[in-house]
Amino acid sequence: MRRRILGFAAAIVLAVLGAAVPAAQAAAVPAVTGPECEAKSGSIEYDSDTGLDTCIGGDHDGEPITS
């Protein structure tokens, strides 16, 4: 019985942590839209290391493009 309770508690803790990690990562990475990048003298380039489009130059240099 104790194993079931412990296993259930561990599953709940892992589920909560699993849901919190993507939100924390999204909050930590600033992002900009394509038009915002280009309006601030930047250009959009694909970064093969991250697999994302990235703003190069301008005010948002190095930030990932969201849409």
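Our subject is the structure that appears above.
Definitions and cut-offs
Residues numbered from 1 in each chain as written. Predicted model: local features only at pLDDT ≥ 70, side-chain atom pairs only at ≥ 80, totals over all residues. Heavy atoms only, no water. Pairing = 2+ DSSP bridges. Helix = DSSP H or I, 4+ residues; strand = E, 2+ residues; numbered from the N terminus. Disulfide = S-S within 2.5 Å. Buried < 20%, exposed > 50% of the residue type's maximum accessible area, 1.4 Å probe, protein only.

### Quick look at the pairing of strand β2 (residues 52-56)
Remark: a regular strand shows side chains that alternate across the two faces of the sheet.
Okay, step 1: Where strand β1 (residues 43-47) meets β2, five bridges bridge the pair, whose relative direction is antiparallel. Paired with Asp-47 across the two strands is Leu-52, which belongs to β2.
Okay, step 2: As consecutive antiparallel partners, β1 and β2 are separated by four residues, and within that stretch Gly-51 has a phi angle of approximately 80°, a positive value.

### A few points about the state of the cysteines
Okay, step 1: Taken as a whole, this structure holds one disulfide when the rule is applied.
Okay, step 2: In this model Cys-37 forms its disulfide with Cys-55; the gap between the sulfur atoms is 2.0 Å. One disulfide, between Cys-37 and Cys-55, carries an S-S torsion of 85° and so falls in the right-handed class. With Cys-37 in helix α2 (residues 34-39) and Cys-55 in strand β2, the pair connects residues that are 18 residues apart, well separated along the chain.
Okay, step 3: Residue class for Cys-37 comes out buried when judged on its relative accessible area of 1%.
Okay, step 4: For Cys-55, a relative accessible area of 0% puts it in the buried group.

### Quick word on unusual backbone geometry
Okay, step 1: Of note in this structure, Ser-41 is not a glycine but carries a positive phi near 65°.
Okay, step 2: As for its placement among the helices and strands, Ser-41 is situated in the loop between α2 and β1.

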